[in-house]
Every structure is written in C-alpha cells, then in structure tokens.
Amino acid sequence: MNVFSTIKELIVEAINAEVSVGGLPSGLKTGAVTAELPRDASHGDISTNAAMVLAKPAQMKPRYVAEKIVGRLLVADGIVSAEIAGPGFINIRLEPSRWQGVVREVLKAGVTFGDSNLGQDSLVNVEYVSANPTGPLHVGHARGAVFGDALAALLSKAGYAVTKEYYINDAGAQVDSLARALHFRYLEALGEKTPEDFAAAAEAGEVEYAGEYLKGVAKALADRDGDKWLGADTEGRLAPIRAFAIDAMMDMIRDDLAMLGIVQEVFTSERSLVDAGRVDVAIDDLEKEGLVYTGVLEPPKGKKPDDWEARPQLLFKASEFGDDIDRPFKKSDGSWTYFASDVAYHRDKFDRGFSEMIDVWGADHGGYVKRMQAGVKALSAGKGTLHVKLCQLVRLFDNGEPVRMSKRTGKFVTLRDLIDAVGKDVVRFIMLTRKNDAQLDFDFAKVTEKSRDNPVFYVQYAHARIHSVFRHATEVLAGKDLSDSSLAQADLSLCSDPDELAVMRSIASWPRTIETAALAHEPHRIAFYLYDLAAQLHGLWNRGNDDAEMRFLLADEPERSLARLALIRSVAVVIASGLDVFGVEPVKEMR
RNA sequence: GGACCCGUAGCUCAACUGGAUAGAGCACUCGCCUUCUAAGCGAGAUGUUGCAGGUUCAAGUCCUGCCGGGUCCA
C-alpha cells in the first residue's frame, strides 16, 4: 500500500463518514477521486480533486463539499494540515514521518518496491519484433524489440501475468524469395555460380536478400546436403531449402535478440497454423456468425484504377466492427490473405486464454490496425481486446549528421552494428526515452557522451555516486553495519531538510509511476522519472559542496550519516528497480 | 481521395490520461572544485500549446472543421 492510495482511502472514508451523518447526499461515486503530488510543491504534499468531482452530483458548491471533507481529514492520523485552494482543491500536508517511513519500506522491499497487484495476475500477451525471418534485425526492429520487452516487464511489475511472444511470418512470398536467394548462394558455395553472378542477378531484380549473411547459411546447407539440390527441380527443392533458411534466420534473430537481453517465451509459426487448418477453422467460425460473405469491393478512392477489376471475393464484415470497409480473406489465386492468417493467429492467442493482447508494430503498419482490431472483436465475440502500439521510426545520426542506410545493397545498419557501437544498455535506455508513437533520433555521438544531455549516463552516474559514497562510508563510519536491513533502523527523523523530504516524496511516487505507466502502456515515463530522481540526487550531493553540514557523510555525526545513507540507498534501490524494468544493468562505478 | 500518427520555448522533448501560474535539457548570462567522481550543482531569461469553434467548475489533453509534416491504402 503506497502513501497515495493510503491517503486516497482516508479521503474516501471522510466522504463516506459525511454521507452517513447526512452532511453529503448518499450514492456519490468516488471513482474519479485522485490523490496526487501537486505540480507545485508549495501546494502541499498531496492534493485531491475530491470536492470538485463530487460537487455536481451532490448539487453543492465545491468549496462547501471541500469544507466537509477537510473537517474529517484534519482529525485523521498523520495529517498535519488540509487546506482548500483555488476552485476546490484540497491540499494536504503529512507528518514528515510518513515520508520517512517510505525509506524504510524501500530498504525492506529492495527492488520489489513498486511492485503492484494492479493486474491481478490477469493474462496479457505482448507480441513484439515478429520480423520476417529473412535476415538480421536492423535498427528499426530494435526499437520495437526494446519497447515490447520493457512494456512486458512493466506490466509484469504491475501484477499482470505476461507472455512474451514472437509471430513468425514464414508462409508468405518473402520466405519463398529467401529460399531462392539461399539456393543461389548454395550454388555459389558449390562453385556452380560466382559472387558476380549473384550480384548481377540481384541488380536485375531476379533475386532478393543480397546481404552477405546467406553465405554462411549456404555453406551449412552444402555441408549437410552436399550436391543433393543441384539437379532437383524447383518444386522439389523449394520446401526443404526454405525450411532450412527459415531455421537459420530464426536462429540468427534469436541471437540478435539475446544480445539485446531479450528472450521471448513463445514463437508461433504462421505456416504451422496454415498447415494445421487453423485458418479454415477461424474463418469458418466467422462465417457461421454471418460475418463473412462474397462481395465486390469499391475501388480505392482517388487512386487511378489502372489494374483495378471489380471481382467478387471472400470478404469479412470489418465495417461492422469499426473498420472503414470490409476486408478480403482470399486473394485472387484462392489462397488466404495475410489478414486471414492474422485472424487465425489472434484467434489462437485468444483460445490460449489471452483476452488482452498487445501487438507492437512498426508505424508503417498503421493502416492495418483497425482491420485487426475489428478481427479480434469478431473472433472473440467482443471479449478480447487488441491494443496495437505503433513504434515510429528511428533516425540515426552521428554527431548531427544523418547516417545513410541502403537496403538495396544489403548494407543497412543492423542491430548488431548498433550494439557493437554503443552497447546493449545504451541502446535499450535510449530507445525508451521517447513515446512509442513519436519519432526518435539516435545520435551515436550523443548517446555515449558523458553529460547531463545524455539520460543514460546521467541516471547511471547517480547510481554510481551513491555506491561511491558507500565505499567511503566504510572508512568514515568504520565498524557500522551498512546493510539495508540495518539502515532501515536508522533514525530517519534526522533527514528533515526540504530537499531530503522532496526526494522521499519522489521515491514514494515510484509505485504510482509504475501503475500509471503500465495502464498507459508507456514505459518512457519511467525514463523521465529516473532522470528526475537522478537530478534530485545530484542536487542533494552538491548541497554538500556549499554547506559541509549537508554532506552525506559526517564523521562526528554517525547517526545523521546513517540516516542519509539510508535515504540515498533507497534512491539507489529505486533506480536499480527502474533500470531493471528497462533491462539495463545499474553500474556501481563510472569508467 | 480516404484512414492513422504527429504539431508545445530558438532546438530536442515532458506534462502523472481533464486539474491550480504549461515544465526539463541544449544553447545564452552569472556564480560554485583544498571536499563522498565539477563527467556535477545553483541562479537568470524563454510560450497566442499550428489555426478557428465547441463540450464544463476546469482543455496542451476530449469533440468538430481547417492548415502543415509523416505513414499507409485490393
């Protein structure tokens, strides 16, 4: 139970008490009542909108309602003052001991401080990356990968039972094309073709996936099968070579993800769903609901209907579920559309018990969102929810200069390049410093800079500073027990400076930050929270430069020193806990 | 033509999902190292939240219509 929910309960109790004596009308809903840190610290410790929310349903003036509530709050335990301000806010001040108690809580709970039961163990499926198995991951994938992973960790900290999943698009034309490219490289490995032949074919558009990475795979294939596929006809060799290629690509992708510290639990193959007839079943069931019909779509407006032909096809009534038009389930050749197999896939997730699904996609799939959400509504009879988080693109810079990428030559910046250049932790943190639907600039020079401008460095520095103090503390306070459990016994009433109390308030709002970030699906809020907390720590540290009394370690005041150590140790714990959600290692020393 | 996302200080971005006087960093000016890492800290200045309406006690946030940028459209 964190301070804010405790106070909110006090407020609700106060309201109910007034209701019971007839001071307020009965039947008031307190769901919209909040208890939060006011933006301006001079407004007190905690402020509530209770009076303004209740004024209308109670048919009373906000300030009148506020007076009723304030009268009750003033006699409540731990509340120093409660004042009415502005249009009807109630500003509450708490006993310092309330905040000081938070430090003890953190020291006892460790990095589990901030854990919440908000999700009540309900199942959530987070699907992310899901890159086509046709090559190594590149920068664009990195953002979705890190975002999805952090969101999963965040939800899990907020009490949801999270499954991290990857959908393998191994049934489309791309993997056939991959198989052709691998076959070419295989011929090259056997000496039947030259690299020049390959380059020429790639230039002519006859073969895709010109990156070097298939060479090793081709060699492995040749080692395993020898010249088995040399004379085989196209039909005969396609499936086995494709399977070999997909396995190799998925191994590579898993390695790439592992470098980022990402391990997903479930990998679902599109082909396996198709082969098992799951698409037929899913569409059949929709058909039974009367949601599938054969019809003719209007041509897209404003586009030249050059190759447009009005043709009857199998359609899904997406427009009944919020989409703009109905969507085709079958292509002209009679095979399922991607949408059809995606419906089957989401049906599969729903059948596995996930009524809440989160898909992390690149922004270029934005046009697909409504259709998929319509599909999920239909296949789950309205019981399933699909949230789609679109990640905008990442622009790479080096010292302000854009880094050019070319997919055509196969020389795009890979995830590996990125990690090799700046390290896993920097990649992860920086990718989370922006809202997912905002474009992100990644500057190689800036993200490794050692300055306040670089949030990774700044937060890590705060953590390292705290450990530095503890290294010195073993000398200054020789013989004292500096363990967390011992520090939890420190006399925290000795930490009563306004700046120290402000740090405690920030720490106290960590559980709330987790909950609001989880509800909003916005891990970036944690990055900003950590940055602010780091700033407070650096500020407190520097108070010691101006005023020796404010230094954390005072040789002649061991009790006060222990209290301050307890405080900054709790800051370190919260920073570590935040970085843990991000999958970033907190450092104990800057090098 | 339509759909989705974005538009906040000179620049890069926040704003606790509707709360009080819209905040940080960079850049600019000034101050702080005999000290636990100055790789840092403090102070000053910066706004018609793209434009116009609407909803209400309260709008950067929600609704409508425009303008500009991006993405997508069998």
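Quick note: structure is the one above.
Basis of the calculations
- Residues numbered from 1 in each chain as written.
- Chains lettered and ligands numbered in written order.
- Predicted model: local features only at pLDDT ≥ 70, side-chain atom pairs only at ≥ 80, totals over all residues.
- Heavy atoms only, no water.
- Helix = DSSP H or I, 4+ residues; strand = E, 2+ residues; numbered from the N terminus.
- Expected span 1.5 Å × (residues − 1).
- Axes fitted to C-alpha atoms, helices over the stretch in contact; angles between N-to-C directions.
- Parallel < 35°, antiparallel > 145°, perpendicular 65-115°, else oblique.
- Left-handed = near helix turned anticlockwise from the far one by under 90°.
- Contact = heavy atoms within 4.5 Å.
- Nonpolar A, V, L, I, M, F, W, Y, C, P; charged D, E, K, R; others polar.
- Buried < 20%, exposed > 50% of the residue type's maximum accessible area, 1.4 Å probe, protein only.
- Lys, Arg positive; Asp, Glu negative; His and termini not counted.
- Salt bridge = Lys/Arg side-chain N within 4 Å of Asp/Glu carboxyl O.

Caption draft 1: Quick peek at helix α22 (residues 558–582). Over its 25 residues, α22 runs 36 Å from end to end, which matches the ideal 36 Å to within 8%, given 1.5 Å per residue. Among the residues trailing α22, glycine 583 stands out with phi positive, at a value near 70 degrees.

Caption draft 2: Examining the packing of helix α6 (residues 173–189) against helix α7 (residues 195–203) more closely. Relative to each other, α6 and α7 sit at 155 degrees, their axes nearing to 9 Å. Taken as axis vectors, α6 and α7 run roughly antiparallel relative to one another. The handedness of the crossing between α6 and α7 is right-handed. Counted together, Ala181, Phe184, Arg185 and Glu188 of α6 and Pro195, Asp197, Phe198 and Ala201 of α7 form the full contact between these two elements. For the contact of α6 with α7, the class distribution of residues is five nonpolar, no polar and three charged.

Caption draft 3: Expanded view of unusual backbone geometry. Even without glycine at this site, glutamine 120 takes up a positive phi of about 50 degrees. Tracing the sequence through the fold places glutamine 120 in the loop between α4 (96–109) and β5 (123–127). Of the residues examined, glutamine 120 reaches a relative accessible area of 67% and is grouped as exposed. Positive phi outside glycine occurs at serine 130, with the angle close to 45 degrees. Considering the arrangement of structural elements, one finds serine 130 in the loop between β5 and α5 (139–157). For serine 130, a relative accessible area of 13% puts it in the buried group.

Caption draft 4: Highlighting the side chain of aspartate 342. Tracing the backbone through its elements, the reader meets aspartate 342 in helix α12 (residues 338–351). One buried charged residue, aspartate 342, forms no salt bridge at all, with the nearest opposite charge on arginine 371 at 8.2 Å. Setting aside its immediate chain neighbours within four residues, aspartate 342 contacts Tyr167, Tyr368 and Met372.

Caption draft 5: Molecular detail of the packing of α12 against helix α13 (residues 369–379). The interhelical angle for the contact between α12 and α13, taken along N-to-C directions, is 50 degrees, at an axis separation of 10 Å. For the element pair α12 / α13, the angle class is oblique. When the axes of α12 and α13 are compared, the crossing they make is right-handed. The segment α12 lies against α13, with Phe339, Asp342, Val343, His346, Arg347 and Phe350 engaging Arg371, Met372, Val376 and Leu379. In the contact of α12 with α13, the residues fall into six nonpolar, one polar and three charged.

Any functional reading would require information that these geometric values do not contain.
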